[in-house]
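Secondary and tertiary structure notes
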Amino acid sequence: MAEQVSLLPKHTRIGFIGYGNIVVPLVSGWLRTKSVRPDQIMGSCLTESTAARIRDKHGIEMTLKTNDLVEACNIVFVAVKPHLVQSVVESIPNWNASRHLVVSLAACVTLSSYSYILPEGTRVIRLALNTGSGVLACASAMAVGVNVLPIESSLIQGLMNSVGTCLPVEEKHIDTVSSVCGCGIAYMFLVAEALADGGLEAGLKKDVVIKLAAQTLIAAGKNILEYQDTHVSKLKDNVCSPGGITIKGLHSLERNGVRNAFLDAVEIGVKTHAEYAHKFEVKK
Ligand SMILES: NC(=O)c1ccc[n+]([C@@H]2O[C@H](COP(=O)([O-])OP(=O)(O)OC[C@H]3O[C@@H](n4cnc5c(N)ncnc54)[C@H](OP(=O)(O)O)[C@@H]3O)[C@@H](O)[C@H]2O)c1
């Protein structure tokens with residue numbers, strides 16, 4: 001990916017309320033592509049140990065006072081755990097509906113809930129993403145709330161595209177995106193590990209075979225993305241000779257229910273997101 005000059009307009013500063021496992025790779029990706037400069041980012045967290053670690057890692061301003069972050073930034077990402085969103089957001093007195101664009105990374109917290117915990121008219125975008133951002137391969141999708149200006153949604157989409165791919169979706173699909181991409185990256189780690197273990201069992205060294213398994217996952221993903229006119233089942237058929245070894249392996253995977261296992265994993269992800277969304281819903 002080509003290096004970029006900061007995508008942020010002058011005087012725009014991004015703040016992260018919460019700076020944990022999902023934010024670290026995202027900001028690493030932005031800094032790597034120079035989409036955003038360190039002085040254009042600020043973070044808040046609960047503990048001084050996290051603040052010190054992030055100052056050291058990303059060279060950005062960190063604070064334990066979230067009010068200070070909301071004062072200093074006009075784009076504010078909410079990146080605390082979903083059950084904390086309401087109390088953290090409601091504890092901040094200095095929200096300003098005309099100044100702030102809020103981007104929520106929190107799974108299961110709806111745009112409707114934000115309308116009750118933020119001042120009336122605050123513009124909110126929900127973003128579902130995975131940790132691929134740090135290696136510029138993030139899969140993400142965003143649902144844009146009412147009143148968000150096209151220039152604002154384009155900016156957020158551009159920032160996410162600078163570290164991978166970001167697609168617009170309706171809010172009703174955001175939790176499905178989380179299940180496929182946010183959770184899916186863990187499933188792909190499992191696939192890589194399982195493939196590698198197969199190679200290990202057959203006598204290859206683990207450090208060699210895990211690299212080959214990872215490169216194989218990259219090859220599959222790149223083929224799907226670069227040959228979008230070709231159906232994925234055709235890409236699969238292309239590597240199966242009649243009566244050959246690969247089709248026998250695929251048969252074995254199907255016999256062991258691998259396709260159903262992934263369908264079940266996404267289904268349970270979607271159901272669990274819906275349960276949590278119900279639990280965390282803010283109503284007035
Ligand atoms: N991890 C993922 O793959 C992923 C993917 C998609 C979406 N998400 C969403 O991203 C959000 C964060 O998840 P995560 O995995 O990054 O969580 P995490 O690693 O536990 O990080 C949470 C962060 O929130 C901070 N925090 C806690 N209470 C706070 C408060 N009162 N004020 C300010 N900061 C506070 C913590 O500070 P300390 O470090 O100082 O304790 C920590 O930096 C969640 O809502 C999750 O649904 C995560």
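Definitions and cut-offs
- Residues numbered from 1 in each chain as written.
- Predicted model: local features only at pLDDT ≥ 70, side-chain atom pairs only at ≥ 80, totals over all residues.
- UniProt positions renumbered as here; feature names shortened; annotations may be inferred.
- Helix = DSSP H or I, 4+ residues; strand = E, 2+ residues; numbered from the N terminus.
- Near = placed C-beta within 6 Å.
- Nonpolar A, V, L, I, M, F, W, Y, C, P; charged D, E, K, R; others polar.
- Buried ≥ 20, exposed ≤ 12 C-beta atoms within 10 Å, placed from the backbone.
- Pairing = 2+ DSSP bridges.
- Right-handed = clockwise from strand over helix to strand, strands pointing away.
- Contact = placed C-beta atoms within 7 Å.
- Axes fitted to C-alpha atoms, helices over the stretch in contact; angles between N-to-C directions.
- Domains from an automatic or database assignment.
- Parallel < 35°, antiparallel > 145°, perpendicular 65-115°, else oblique.
- Left-handed = near helix turned anticlockwise from the far one by under 90°.
- Core = buried A, V, L, I, M, F, W, Y, C linked by C-beta atoms within 7 Å.

1. Concerning the UniProt feature "domain: Pyrroline-5-carboxylate reductase catalytic N-terminal" (unreviewed entry) in the protein
Those residues carrying the UniProt feature "domain: Pyrroline-5-carboxylate reductase catalytic N-terminal" (unreviewed entry) are residues 13-107 in this numbering. Here residues 13-107 is 40% helix and 20% strand, with 23 Å between the C-alpha atoms at its ends.

2. A short note on the site of the ligand
Around the ligand there are 25 residues in total, and Gly18, Gly20, Thr47, Thr50 and Ala106 lie nearest to it. Here the shell around the ligand takes three residues from helix 4 (residues 82-90), the largest share from any one element. Among the residues forming the shell around the ligand, the class breakdown is 15 nonpolar, nine polar and one charged.

3. Here's the deal with the pairing of strand 5 (residues 101-104)
Neither face of strand 5 is open: one carries Leu101 and Val103, the other Val102 and Ser104, and all of them are buried. In the sheet, strand 4 (residues 75-78) pairs with strand 5 via four bridges, with the strands oriented parallel. Counterpart to Phe77 in the pairing with strand 5 is Val103. Between strand 4 and its parallel partner strand 5, the chain crosses via helix 4, and the hand of that crossover is right-handed. As paired elements, strand 5 and strand 6 (residues 123-129) share four bridges and run parallel to each other. Looking at the pairing, Leu101 lines up with Arg123 of strand 6. Tracing the backbone out of strand 5, into helix 5 (residues 111-117) and back to the parallel element strand 6 gives a crossover that is right-handed.

4. Thoughts on the pairing of strand 1 (residues 14-17)
By the alternation rule, side chains of strand 1 split into Ile14 and Phe16 and Gly15 and Ile17, which are all buried. Bridge count for strand 1 against strand 2 (residues 41-44) is four bridges, and the pairing is parallel. Paired with Gly15 across the bridge in strand 2 is Met42. As for the winding sense of the linkage, the β-α-β connection from strand 1 through helix 1 (residues 23-33) to strand 2 is right-handed.

5. A closer look at the UniProt feature "binding site: NADPH" (unreviewed entry) in the protein
On the UniProt side, "binding site: NADPH" (unreviewed entry) is annotated at positions that read Asn67 here. With residues up to four places along the chain from it excluded, the contact list for Asn67 reads Ile92, Pro93 and Asn94.

6. Some words on the sheet that holds strand 7 (residues 138-144)
Taken together, eight strands build an open sheet; the order of strands is 3-2-1-4-5-6-7-8 and the sheet is mixed. With one partner strand each, in any of the chains shown, strand 3 (61-63) and strand 8 (164-168) form the two edges of the open sheet. Across the sheet, the mean angle from the axis of one strand to that of its neighbour is 25°, orientation sign disregarded. Of the strands in this sheet, strand 6 and strand 7 touch helix 7 (residues 174-182), which is tilted by about 30° from strand 6.

7. Notes on the environment of Asn74
For Asn74, the position within the fold is in the loop between helix 3 (66-72) and strand 4. The contact partners of Asn74, leaving out residues within four places of it in the chain, are Thr12, Arg13, Arg99, His100 and Leu101.

8. Details of the domain arrangement of the protein
By a widespread convention, an interface's size corresponds to the accessible area lost as its parts come together. Domain annotation of the protein identifies domain 1 (14-169) and domain 2 (184-272). Taking only C-alpha atoms into account, the centre of domain 1 sits 33 Å from that of domain 2.

9. Description of the packing of helix 7 against helix 12 (residues 258-280)
Two numbers describe how helix 7 lies on helix 12: the axes approach to 9 Å, and their chain directions differ by 135°. By the angle between their axes, helix 7 is oblique relative to helix 12. For helix 7 against helix 12, the interelement crossing comes out right-handed. Residues Asp175, Thr176, Ser178, Ser179 and Val180 of helix 7 pack against Val266, Gly269, Val270, His273, Ala274 and Ala277 of helix 12. Residues belonging to the contact of helix 7 with helix 12 are distributed by class as follows: five nonpolar, five polar and one charged.

10. Quick notes on the nonpolar core
Within the largest apolar cluster, 60 residues are counted, with the highest numbers of intra-cluster contacts made by Phe77, Val78 and Ala79. If near-sequence neighbours (up to four positions away) are discounted, Phe77 is found in contact with Ile14, Gly15, Phe16, Ile17, Val103 and Leu105.

11. Re unusual backbone geometry
At His11, a residue that is not glycine, the phi angle is positive and equals roughly 65°. Within the element layout of this structure, His11 appears in the segment before strand 1. Residue Cys108 is not a glycine yet carries a positive backbone phi of 75°.

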